[in-house]
Amino acid sequence: MNIIQQTLRAALFLILAFFGLIMALVFMASTVLAIGVLYIVARLQGRPFGVKAYWAERRRPTMPPRPGAWARTDTPRRQDVTDIEMREIP
């Protein structure tokens, strides 16, 4: 009886391991495909393909700010803002 249980557990473990291996291979293949597409697009646009170039492009602002548009400044506000006022409840 114990041998049958061990055999079934081992077979189930091997089946799960096999499906896990297939999922890992699918993930790796999709990653390679995505990197290949990014490489081809970068070459067609004449840009270098690499991590530094990618992050430099992502950090670049997309649009210049319009004149008169609201912009955040580092200067403190002139008035104090109170979010919560404490009071006693009778």
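Numbers given to residues run from 1 along each chain, matching the order in which its sequence is written. Local features are withheld for residues below a pLDDT of 70 in this predicted model, meaning they are given only at 70 or higher, and side-chain atom pairs are given and counted only at 80 or more; totals for whole chains, interfaces and linings count all residues. Calculated side-chain values reflect all of the structure's heavy atoms, with hydrogen atoms and water omitted.

Overview of the overall build of the protein chain
In DSSP terms, a helix is any run of H or I states spanning at least four residues, a strand is any run of E spanning at least two, and both are numbered starting from the N terminus. Summing up its helical and strand segments, the protein chain has two helices and zero strands in all. Each residue is placed in one exposure class: buried if its accessible area under a 1.4 Å probe, protein chains only, is under 20% of its type's maximum, exposed if it is over 50%, and partly exposed if it falls in between. Residue burial in the protein chain is summarised as follows: out of 90 residues, 1% are buried. In these tables, accessible area is a Shrake-Rupley quantity obtained with a 1.4 Å probe, and a residue counts as shielded only by the protein chains included in the view. Accessible area of the protein chain: about 10000 Å², with a carbon and sulfur share of 65%.

With respect to a nonpolar patch on the surface
A contiguous nonpolar surface patch, about 620 Å² in accessible area, is contributed by Ile35, Leu38, Tyr39, Ile40, Leu44 and Phe49. Secondary-structure assignment places Ile35 in helix 1 (residues 2–44). When its relative accessible area of 45% is taken as the criterion, Ile35 is described as partly exposed. The patch calculation keeps residues exceeding 30% relative accessible area without a salt bridge and links them within 9 Å when they carry like charges or within 5 Å when they are nonpolar (Val, Leu, Ile, Met, Phe, Trp, Tyr). A carboxyl oxygen of Asp or Glu within 4 Å of a side-chain nitrogen of Lys or Arg is what we treat as a salt bridge.

Focus on helix 1
Its 43 residues place the ends of helix 1 63 Å apart at the C-alpha level, agreeing with the 63 Å of an ideal helix rising 1.5 Å per residue. Positive backbone phi, at 80 degrees, marks Gly46, one or two positions downstream of helix 1. A helix is expected to span 1.5 Å multiplied by its residue count minus one.

Functional significance is not addressed by these values, which are geometric in nature.
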